[in-house]
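Descriptive structure summary
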Amino acid sequence: GVGFKTADAVAGNLGLAPDSPKRIEAGIVHVLQELTDDGHAFFPYEELLVKCGEMLGVGPDRINPALKRLHDDGQLHLESLPDGTKACYLEWMWRYEVGVAESLRALATAPKRYPSMNADAEIDEFQRKFHFEFHPRQRDALCMALRGGVMIIPGGPGTGKTTIVRGIIEILRRKGMRIMLAAPTGRAAKRLAETTRMDAATLHRLLKYKPERGGFLMNENKPLDADLVIVDESSMMDIPLTHHFLKAIRPTTSIIFVGDADQLPSVGPGDLLSDMIESDILPVVCLTEVFRQAQQSRIVTNAHLINHGEFPRLGRSDTPGAGDFYFVERTEPEKAIETIKHLLRKRIPNYFGLDPFDDVQVITPMHRGILGTSNLNHELQQMLNPKSPGVTIGSRVLKVGDKVMQTRNNYDKDVFNGDIGRIKSFNFTEQEMTVRFEDRMVTYDWTEA
């Protein structure tokens with residue numbers, strides 16, 4: 001129940017020597033665990049020596065033997081890489097990474113349960129029905145998807161990924177195929193459900209995580225009952241979640257990974273989507289054409305400019321595409337915060353009909369200062385939620401109606417990093433609060449806030 005540093009201080013006070021083998025081994029595991037939490041699947045051996053030495057205050061002559069012992073004991077995995085460097089993994093992390101690679105290779109070559117069909121004729125029928133014509137690259141992706149297997153459809157904003165997914169679902173459901181839709185986060189799953197008009201779940205819920213059992217109900221012994229699983233926003237998938245997901249896939253089930261490889265990788269370990277694309281093991285149809293309707297959006301055009309290393313077009317507010325992208329410059333922090341409040345209170349609701357609480361996100365690059373997250377949240381809370389009863393927890397006042405975000409996966413409560421909710425009520429006797437996330441209520445002890 002305590003971290004390494006607290007335990008280390010206690011051990012030191014009880015007389016444990018700084019160069020004790022047990023202390024050094026525990027310190028190495030702690031450093032690797034922190035690096036895994038930062039998104040690394042492994043860490044280079046020489047750099048790990050430096051990091052561990054700085055934290056433990058001992059030299060390489062003590063750390064090298066400890067690394068070998070941990071490897072021999074099965075807690076760590078050391079592996080030589082083709083470039084001559086050595087990688088150091090936590091053993092379970094190495095096992096998961098190898099498991100993902102082996103599962104993908106096996107699934108890619110296994111025969112699939114797909115109905116025989118004339119893909120071109122099916123696509124032509126879809127186009128006639130919806131008075132729509134696919135771009136040649138989109139058509140390539142559709143043809144591949146209608147053959148079954150494991151494939152990747154990456155593409156930036158405005159390149160028609162959602163349209164392809166709709167086409168796949170429409171054609172294959174007519175053939176009686178069982179399709180499941182999933183995404184790594186609640187927000188992404190909700191968006192997928194809205195655009196396809198079909199149920200979509202987070203991967204955790206699809207796999208039925210059960211905290212009391214410490215794992216997922218769906219696995220190799222109880223696989224998902226689907227002919228096809230489509231995973232959207234797959235750039236947010238990390239290696240551990242992908243490992244559990246692939247274990248629950250039947251050999252006859254097809255998978256389509258959809259996402260934008262130019263987005264930031266997941267907060268968890270690994271850069272999965274980019275690595276799958278670069279592996280050349282799986283078929284990939286990359287969408288690059290930005291469609292006419294999307295070209296009218298300055299958000300889309302600027303996203304592609306930034307990806308190509310070019311400066312975004314700011315322009316005047318009366319130019320084409322300005323309806324979704326505005327640049328308002330303020331050089332003084334005090335004036336900037338007043339402008340933000342004015343935009344939220346008046347201009348955005350009046351001009352776009354958007355709700356300042358549910359439809360607007362304010363993003364800032366710092367925590368402290370007038371324009372940091374702490375002060376901005378305080379100012380916006382005072383403006384948007386001034387009268388609700390509240391409770392002071394630490395340095396924050398939380399009120400009924402406040403918008404809150406889950407910042408790390410909590411399997412016990414079935415809420416995950418990035419889930420957004422609203423505080424519904426406080427129980428002052430039990431020192432608990434209830435938060436509404438989408439369609440369900442979750443109770444938190446005040447100390448968890």
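Remember, it's a predicted structure, so these values are computed and weren't measured experimentally.

With that settled, consider the overall build of the protein. Each helix and strand in the protein was counted, giving 16 helices and 16 strands. Across its three principal axes, the protein shows a C-alpha extent of roughly 80 × 60 × 50 Å. At a minimum sequence separation of 6, the contacts of the protein that also span at least 24 residues come to 59%. When the accessible surface of the protein is summed, it comes to about 25200 Å², and 51% of that surface belongs to carbon and sulfur atoms. Of the side chains in the protein, 55 bear a positive and 61 a negative charge, and the two mean positions are spaced by 6 Å.

This part is about a positive patch on the surface. On the surface, Lys208, Lys210, Arg213 and Lys222 cluster together into a patch of positive charge. For Lys210, the location among the structural elements is in strand β7 (residues 209–210). With a relative accessible area of 31%, Lys210 lands in the partly exposed category.

This brings us to the packing of aromatic side chains. Working definition: an aromatic ring pair is given by the centre-to-centre distance plus the angle between the planes. Enumeration according to the criterion identifies 13 aromatic pairs in this entry. Ring geometry for Trp92 and Tyr96: centres 5.5 Å apart, planes at 75 degrees, overall edge-to-face. Taken together, the residues Trp92 and Tyr96, both in helix α5 (residues 91–109) and 4 residues apart, mark about one turn of the helix. Given a relative accessible area of 29%, Trp92 falls into the partly exposed group. Since its relative accessible area comes to 15%, Tyr96 is described here as buried. Plain terms: the ring middles of Phe126 and Phe134 are 5.5 Å apart, the flat faces sit at 20 degrees to each other, and that makes the pair stacked.

Among the surface-exposed residues, Tyr326, Val328, Tyr351, Phe352 and Leu354 lie close enough to one another that they form a single nonpolar patch of about 480 Å² accessible area. Positionally, Phe352 belongs in helix α15 (residues 333–352).

With that settled, the discussion passes to the pattern of salt bridges. Where side chains of opposite charge bring their charged atoms close, a pairing between them can arise. Scanning all chains against the criterion turns up 22 salt bridges. Between Arg139 and Asp120 there is a salt bridge, and its shortest N-O distance comes to 3.5 Å. Here Arg139 is found in helix α7 (residues 136–145), whereas its partner Asp120 is found in helix α6 (residues 119–130), with 19 residues between them in sequence. A residue is classified by how much of its surface remains accessible, and Asp120, at 39% relative accessible area, is partly exposed.

With that out of the way, let us pick up the nonpolar core. Counting 55 residues, the largest nonpolar core has Ile28, Leu48, Leu67, Phe245 and Phe257 as its most contacted members. Setting aside residues no more than four positions away along its own chain, Phe245 makes contact with Leu203, Leu206, Leu207, Leu224, Val229, Val231, Met237, Ile255 and Phe257. Among the nonpolar cores identified, the runner-up in size contains 30 residues, and Ala119, Phe126, Ala145 and Leu172 belong to it.

Take the confidence of the model for the protein next. Here the protein averages 89 in pLDDT, and 97% of its residues register 70 or above. Averaged pLDDT values over the elements of the protein bottom out at 64 in helix α13 (residues 292–295) and peak at 96 in strand β9 (residues 228–231).

Bringing the side chain of Glu25 into the picture now. Secondary-structure assignment places Glu25 in helix α2 (residues 21–37). At 2.5 Å, the side chain of Glu25 forms a polar contact with the side chain of Arg69. Excluding its chain neighbours within four sequence positions, the residues that come into contact with Glu25 are Ala66, Arg69 and Leu70.

With respect to burial, strand β5 (residues 179–183) is a largely interior element, 4 of its 5 residues being buried. Pairing geometry for β5 and strand β6 (residues 200–202), over 3 bridges, is parallel. By the bridge assignment for β6, Leu181 is matched with Ala200. The handedness of the β5 to β6 crossover, carried by helix α9 (residues 186–196), is right-handed.

With that settled, the discussion passes to α6. Between its first and last C-alpha, α6 extends 17 Å over 12 residues, near the 16 Å set by a 1.5 Å rise per residue. Looking only at α6, the buried set comprises Ala119, Glu122, Ile123, Phe126 and Gln127. Down the axis of α6, the buried set is contained in an arc of 140 degrees. They therefore lie on one face. Contacts from the buried residues of α6 go to α7 and α8 (161–174). N-cap assignment for α6: the residue whose side-chain oxygen lies 3.2 Å from the backbone N of Asp120 is Asn118. Phi turns positive, to about 50 degrees, at His131, one or two residues after α6.

About the criteria used
Residues numbered from 1 in each chain as written. Predicted model: local features only at pLDDT ≥ 70, side-chain atom pairs only at ≥ 80, totals over all residues. Heavy atoms only, no water. Helix = DSSP H or I, 4+ residues; strand = E, 2+ residues; numbered from the N terminus. Contact = heavy atoms within 4.5 Å. Areas by Shrake-Rupley, 256 points an atom, 1.4 Å probe, with all protein chains shown as cover. Lys, Arg positive; Asp, Glu negative; His and termini not counted. Charge placed at Lys NZ, Arg CZ, Asp CG, Glu CD. Patch = residues over 30% accessible without salt bridge, like charges linked within 9 Å, V, L, I, M, F, W, Y side chains within 5 Å. Salt bridge = Lys/Arg side-chain N within 4 Å of Asp/Glu carboxyl O. Buried < 20%, exposed > 50% of the residue type's maximum accessible area, 1.4 Å probe, protein only. Phe/Tyr/Trp six-rings, centres within 6.5 Å; stacked < 30°, edge-to-face > 60°. Core = buried A, V, L, I, M, F, W, Y, C linked by side-chain atoms within 4.5 Å. pLDDT = per-residue confidence, 0-100. Polar contact = N/O pair within 3.5 Å; in protein donor to acceptor, adjacent residues only side chain to side chain. Pairing = 2+ DSSP bridges. Right-handed = clockwise from strand over helix to strand, strands pointing away. Expected span 1.5 Å × (residues − 1). Arc of directions from axis to C-beta.

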